[in-house]
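Reading the structure
Read off the chains here:
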Amino acid sequence: MLSLTTNKKSMMKKLLRLGLLAGFVLAVFACNNDDDDAGIQIRDRDEVDLEDQAALLDYLQTHYYNEDDFVASPTNDVDIILREIDDPTTQTPLINQVETRTIEREGVNYTYYLLKLREGNPSDPQITYADSALVSYEGRLLDNTLFDAAQNPIWFDLPRSIEGFARAAQEFKGSQSVTANPDGTITFDGSGIGAVFMPSGIAYFNSSPTGIPAYSPLLFTFKVHAVKINDHDNDGILSRYEDPNNDELITTTNDDTDSDRIANFEDRDDDGDGVGTIFENPDPNGDGNPDDAEDLDGDGIPGYLDADEVNIDLDGDGIQNRFENPDPDGNFLPGDAVDTDGDGVPDYLDPDDDGDGIPTSQENADPDGNTNPDDARDSDGDGIPDYLDADS
């Protein structure tokens with residue numbers, strides 16, 4: 001068996017590649033639960049939730065899971081099987097084993113129920129609503145009708161999943177061991193294993209994906225095999241921190257600082273000032289959390305969210321980042337940043353751009369002091385300013 005501590009990295013890379021190809025083909029999870037299906041009456045949310053809660057509680061009081069199988073196999077991945085109680089003396093109803101969670105959405109406090117059987121690998125990071133999980137699962141109506149399933153694990157981007165499922169998955173971690181079998185299949189053990197029982201208000205509500213009637217409370221049994229912390233736009237800020245209004249719904253227009261119809265978690269220029277977020281010193285200590293973001297004008301708005309603040313100078317050489325060619329192809333990422341002296345440090349991070357041993361700040365790069373080197377000194381008249389000319 002491949003230990004996560006020795007072979008997890010290579011295995012997870014394979015899983016990530018496979019998952020990215022297949023992980024988002026499942027339209028049922030990608031559906032927005034607020035999309036209105038033509039011809040389906042939009043009902044009062046409170047009224048629907050009362051009905052859903054009655055149905056969920058009835059299910060939880062009359063069903064149990066295969067607890068004996070989990071006791072017999074304490075480390076192996078075991079499938080959850082839910083059955084109707086026929087012997088109350090030996091079968092414990094789910095209502096006595098689930099944990100209750102509540103979340104407010106659309107003015108309604110939605111209660112959902114979580115069966116946590118195994119947390120998963122304790123060394124895995126704790127994911128959030130903004131991250132991804134590699135899962136296998138079954139989705140059913142409360143009458144046990146199977147509407148979807150994936151025995152082979154699929155990567156789910158949780159902010160694009162139905163909220164009830166995303167909320168449940170984020171409380172689990174990945175497998176403790178992964179085995180690559182001779183036939184090319186993969187076996188997981190020690191995975192996070194659980195089930196969630198949710199009202200329609202945090203599922204599909206009045207939408208009706210294939211096999212799911214409108215206003216249906218749902219249940220999912222699932223295993224979490226791996227987790228991934230996301231920075232969707234690669235701007236140096238983890239997606240969990242790109243939620244300005246703190247409602248934990250990062251895909252909404254409420255989290256679009258520059259109103260360009262691109263939510264911050266996918267926007268490489270959050271404030272729309274033409275300077276990529278990654279070039280505006282959003283995270284000086286590099287932990288993915290912008291709580292230490294630079295705010296040069298002291299107005300309480302960090303530079304990466306302040307369209308009036310573009311004078312970031314990361315290397316302290318007196319020239320603003322935007323004038324040091326950090327992003328020639330204009331994709332707001334520094335992969336092609338200019339590195340004049342070829343020392344592996346791009347100019348916008350290099351205090352000696354030409355590598356001549358004289359700091360840029362001492363080569364008269366900005367005589368008028370406006371941090372724009374358009375008036376930089378060119379001593380030998382070769383068309384290359386001194387601060388970029390190793391021969392000057």
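In the annotation of an unreviewed UniProt entry, the entry for the protein chain reads peptidylprolyl isomerase, and the organism field reads Nonlabens tegetincola. Its UniProt record, at the heading Catalytic activity (unreviewed entry), says of the protein chain: "[protein]-peptidylproline (omega=180) = [protein]-peptidylproline (omega=0)".

Before going further, it helps to examine the overall build of the protein chain. Looking only at helices and strands, the protein chain has 5 helices and 11 strands in total. C-alpha extents for the protein chain along the principal axes are approximately 95 × 55 × 30 Å. Long-range contacts, defined as pairs at least 24 residues apart, comprise 62% of the intrachain contacts of the protein chain with a sequence gap of at least 6. Carbon and sulfur atoms form 47% of the exposed surface of the protein chain, whose accessible area is close to 18300 Å².

Reading across from one edge, β4-β5-β10-β11-β6-β7 is the order of the 6 strands in this open sheet, with antiparallel pairing throughout. Both outer strands of the open sheet, β4 (99-105) and β7 (146-157), are each paired with one neighbouring strand and no more. Pairs of neighbouring strands in the sheet enclose a mean axial angle of 25°, with direction left out of account. Along the sheet face, helix α3 (residues 45-62) touches β5 (108-118), β10 (192-198) and β11 (218-228) and points at about 25° away from the line of β5.

A word on the packing of aromatic side chains. Applying the stated criterion across every chain yields a total of 12 aromatic pairs. Centre to centre, the rings of Y137 and F165 are 6.3 Å apart; their planes meet at 65°, and the pair counts as edge-to-face. Of the two residues, Y137 is situated in strand β6 (residues 132-141) and F165 in helix α5 (residues 163-169); the sequence distance between them amounts to 28 residues. Given a relative accessible area of 4%, Y137 falls into the buried group. Taken together through their ring pairs, the aromatic side chains of Y137, F147, F156, F165, F172, F220 and F222 make up a single cluster. One Lys or Arg, R43, reaches over the ring of Y215 and ends 5.4 Å from the middle of that ring. Looking at K116, its charged tip hangs above the ring of F172, at a distance of 5.8 Å from the centre.

With phi around 60°, Y215 is a residue other than glycine that occupies positive phi space. Along the chain, Y215 turns up in the loop between β10 and β11. Note on Y215: relative accessible area 14%, which makes it buried.

Residues spaced three or four apart along an α-helix face the same direction, because each turn holds 3.6 residues. Look at α3: 26 Å from first C-alpha to last across 18 residues, which is about the 26 Å you get at 1.5 Å a residue. Listed as buried for α3 are R45, V48, D49, D52, Q53, L56, Y59 and L60. Projection of α3 onto a plane perpendicular to its axis shows the buried side chains occupying an angular sector of 135°, all on one side. In this structure, the buried residues of α3 make contact with β2 (63-65), β3 (82-84), β5, β10 and β11. For α3, the capping residue at the N-terminal end is D44, with a side-chain oxygen 3.1 Å from the backbone nitrogen of D46.

A word on the UniProt feature "domain: PPIase FKBP-type" (unreviewed entry) in the protein chain. Here the UniProt feature "domain: PPIase FKBP-type" (unreviewed entry) sits at residues 130-228. Segment residues 130-228 splits into 7% helix and 48% strand. End C-alpha atoms: 10 Å apart.

It is worth spelling out the confidence of the model for the protein chain at this point. For the protein chain, mean pLDDT is 89; residues scoring 70 or higher make up 90% of the total. Predicted confidence for residues 1-9 stays below pLDDT 50, and this span has 18 contacts to residues more than four positions away or in other chains. In this model residues 18-28 is a low-confidence stretch, pLDDT under 50, and it forms 16 contacts with partners more than four residues away in sequence or in other chains.

Moving on, we come to the pattern of salt bridges. Under the criterion given, the structure shown has 13 salt bridges. Across the salt bridge formed by R101 and E99, the nearest N and O atoms sit 2.6 Å from each other. The salt bridge involving E171 is made with K116; its shortest N-O contact spans 3.2 Å. Residue E171 is found in the loop between α5 and β8 (177-180), and its partner K116 is found in strand β5; the two are separated by 55 residues along the sequence. The class for E171 is buried, based on a relative accessible area of 16%. Residue classification places K116 among the partly exposed residues on the basis of a relative accessible area of 33%. A single network of salt bridges, built from pairs that share partners, joins E99, R101, K116 and E171.

The next subject is the pairing of strand β9 (residues 186-189). When a strand is regular, its side chains alternate between the sheet's two faces. The pairing of β8 with β9 spans 4 bridges and is antiparallel. Residue pairing in the sheet places A180 in a bridge with I186 of β9. Connecting the antiparallel pair β8 and β9 is a turn made up of 5 residues, with G184 showing a positive phi of about 90°.

Turning our eyes to something else, we now look at the pairing of β7. Relative to β7, β6 runs antiparallel, the two sharing 8 bridges. Bridge pairing in β7 links A133 to F156.

Time to look at the nonpolar core. Ranked by size, the top nonpolar core spans 32 residues in total, and within it I162, F165, V196, M198, L218, F220 and F222 carry the most contacts. For this core, the secondary structure elements donating two or more residues are β5, β6, β7, α5, β10 and β11.

Cut-offs used in this document
- Each chain carries its own residue numbering, running from 1 in the written order of its sequence.
- Given that the model is predicted, a residue must reach a pLDDT of at least 70 before its local features are reported, and side-chain atom pairs must reach 80 or more before they are shown or counted; all residues, however, enter totals for whole chains, interfaces and linings.
- In computing side-chain values, all of the structure's heavy atoms are included and hydrogens and water are not.
- UniProt positions are given in the numbering used here, feature names are shortened, and annotations may be inferred rather than shown by experiment.
- Counting from the N terminus, the helices are the DSSP runs of H or I reaching at least four residues and the strands are the DSSP runs of E reaching at least two.
- Note on contacts: a residue pair is in contact if any heavy atoms of the two residues lie within 4.5 Å.
- Each accessible area is a Shrake-Rupley result for a 1.4 Å probe, and residues are judged covered by the shown protein chains and nothing else.
- Criterion used throughout: strands pair if DSSP finds at least two bridges between them.
- Interaxial angles span 0 to 180 degrees and are taken between N-to-C directions of axes, which are lines fitted to C-alpha atoms, for helices over the stretch in contact.
- Whether two aromatic rings pair depends on their centres lying within 6.5 Å, for rings of Phe, Tyr and Trp, where Trp uses its six-membered ring; planes under 30 degrees apart make the pair stacked, over 60 edge-to-face, and the rest tilted.
- The buried label goes to any residue with under 20% of its type's maximum accessible area, the exposed label to any with over 50%, and the partly exposed label to all in between, with areas taken from a 1.4 Å probe on protein chains only.
- Only when the NZ atom of a Lys or the CZ atom of an Arg is both within 6 Å of the ring centre and within 35 degrees of the ring normal do we say a charge sits over the ring.
- An expected span of 1.5 Å times one less than the residue number is assigned to each helix.
- This arc is taken over the directions from the axis of the helix to the C-beta atoms.
- N or O atoms within 3.5 Å of each other form a polar contact, as long as, within protein, one can give a hydrogen and the other can take it, and as long as residues adjacent in sequence are counted only when both atoms are side-chain atoms.
- What pLDDT expresses is the predictor's confidence in each residue, scored from 0 to 100.
- Take a side-chain nitrogen of Lys or Arg and a carboxyl oxygen of Asp or Glu: if they are within 4 Å of each other, that pair is a salt bridge.
- In these notes, a set of buried Ala, Val, Leu, Ile, Met, Phe, Trp, Tyr and Cys residues joined through side-chain atoms within 4.5 Å is what counts as a nonpolar core.

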